[in-house]
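Structural overview for review
Below are the chains, spelled out letter by letter.
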Amino acid sequence: MWSLPDIRRLNEEAVKNASKLNKALETGYLDGIKIKCDWCDKPAEHIYPWYDVFSDIPKGIIGLCEEHDYYYGSPSEGFFICDDCERVLITNYTWELYYTDTEDGERICLNCAFDRYIKEEKNWLTSIKELSWQRVRSSPHIIPVSGNYWENFLEFVNNVEFDSLTGEKITGFSSTSSRGDGLNELRDLVKQALKNHKKCILILDAAYQFAVSIGVYVKK
Ligand SMILES: [Zn+2]
Ligand SMILES: [Zn+2]
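Here the structure is a predicted model, which means the values were calculated and not measured.

**Some words on the coordination of the zinc ion (ligand 2)**
Within the first shell, the zinc ion (ligand 2) binds the protein through Cys82 (SG), Cys85 (SG), Cys109 (SG) and Cys112 (SG), at distances of 2.3 Å. Every donor counted, the four donor atoms about the zinc ion (ligand 2) form angles of 100 to 120 degrees at the centre, which fits tetrahedral coordination. Counting gaps between the donor residues of the zinc ion (ligand 2) yields the pattern C-x2-C-x23-C-x2-C. Separated by 24 residues along the polypeptide, Cys85 in the loop between strand S5 (79–81) and strand S6 (88–90) and Cys109 in strand S8 (residues 107–109) bring together distant segments of the chain. By relative accessible area, Cys85 is classed as partly exposed at 26%. The buried category is assigned to Cys109, whose relative accessible area is 0%.

**Remarks on the layout of surface pockets**
By volume, the largest pocket amounts to about 450 Å³. Among the elements that make up the lining of the largest pocket, the one with the highest residue count is helix H2 (residues 110–119) (three residues). Here the lining of the largest pocket is built from residues that sort into five nonpolar, five polar and five charged. Here the lining of the largest pocket gathers at least three residues from each of two domains, domain 1 (7–108) and domain 2 (120–219).

**A short note on the side chain of Thr91**
In this structure, Thr91 sits in the loop between S6 and strand S7 (99–101). Judged by relative accessible area, which is 13%, Thr91 ranks as buried. Non-local contacts of Thr91, meaning those with residues more than four positions away in its chain, are made with Gly78, Phe79, Phe80, Glu96, Leu97, Tyr98 and Tyr99.

**Considerations on the coordination of the zinc ion (ligand 1)**
The protein atoms donating to the zinc ion (ligand 1) are Cys37 (SG), Cys40 (SG), Cys65 (SG) and His68 (ND1), with metal-donor distances spanning 2.1 to 2.3 Å. Sequence positions of the donors to the zinc ion (ligand 1) reduce to the motif C-x2-C-x24-C-x2-H. Remark: His68 occurs in the loop between strand S4 (60–64) and S5 and Cys40 occurs in the loop between strand S2 (33–34) and strand S3 (46–51); sequence separation between them is 28 residues.

**Remarks on H2**
Owing to its 3.6 residues per turn, the α-helix brings residues three or four apart onto one side. By the criterion of burial, H2 is predominantly enclosed, with seven of the ten residues buried. Those residues of H2 not exposed but buried are Leu110, Asn111, Cys112, Ala113, Phe114, Tyr117 and Ile118.

**Some thoughts on the domain arrangement of the protein chain**
Domain boundaries assigned for the protein chain yield domain 1 (7–108) and domain 2 (120–219). For domain 1 and domain 2, the distance between their C-alpha centres works out to 32 Å. The interface is formed by seven residues belonging to domain 1 together with eleven residues belonging to domain 2. By the criterion of area lost to domain 2, the three top residues of domain 1 are Phe54, Trp95 and Glu96, representing 71% of everything that side buries. Taken together, the connections running from domain 1 to domain 2 amount to zero salt bridges. The residue makeup of the side of domain 1 that touches domain 2, split by class, is six nonpolar, no polar and one charged.

What counts and how
Residues numbered from 1 in each chain as written. Chains lettered and ligands numbered in written order. Predicted model: local features only at pLDDT ≥ 70, side-chain atom pairs only at ≥ 80, totals over all residues. Heavy atoms only, no water. Donors = N, O, S within 2.8 Å, 3.2 Å for Na, K, Ca; no water. Tetrahedral: all angles 85-135°; square planar, octahedral: opposite > 155°, others 65-115°. Helix = DSSP H or I, 4+ residues; strand = E, 2+ residues; numbered from the N terminus. Buried < 20%, exposed > 50% of the residue type's maximum accessible area, 1.4 Å probe, protein only. 1 Å grid on protein atoms, 1.4 Å probe; cavity = no way out; pocket = protein on both sides within 12 Å on 5 of 7 lines; lining within 4 Å. Points joined across faces, edges and corners; volume = space filled by probe spheres on them. Nonpolar A, V, L, I, M, F, W, Y, C, P; charged D, E, K, R; others polar. Domains from an automatic or database assignment. Contact = heavy atoms within 4.5 Å. Buried area = accessible area lost by both parts, 1.4 Å probe. Salt bridge = Lys/Arg side-chain N within 4 Å of Asp/Glu carboxyl O.

Here it is, written out as structure tokens:
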């Protein structure tokens, strides 16, 4: 549970299984066996394909009886429904969560959160003066470790890792320097990005147990 599965292999297997899963969704049978509830042995009354944030192909099926449909979660424990793309997604493979809760009380997957964020002009930096610690701290977590959805839209400039508890920059094994160093390093990256691009954007592009990575990105 705590180490990330091989995402590429997972995606390849999903492609191989796609027609089998689609058929199961249509017929209620998987490999010739009637799909049962994940929580009891009753036949499943509700069958959902589930996704992750790493591809657009379902990774598996959730079967639920009438009683257990939405009983342990939405629609089941370990899953959520994205309010934007309306798919059922797995909440996490490691302790990094694949959703974000908005101020309006919506739960959206990181890919939909990414779409929303880069669409907002105010989230882009057009001048080095706009870079502040406040801004760094409020960079949203919208790219997961090993995620590649962003590659359709952005180019990566570089990143700085910060200790997630104190905001201090992580420089290597068990040593942290001051928050100011990290901010200075980010300032250099933003400068570098703005040399060749009109604007750039800060994204929390990996959340580890004790550290976060803030990446600088430009439009493709
Ligand atoms: Zn059940
Ligand atoms: Zn979504």
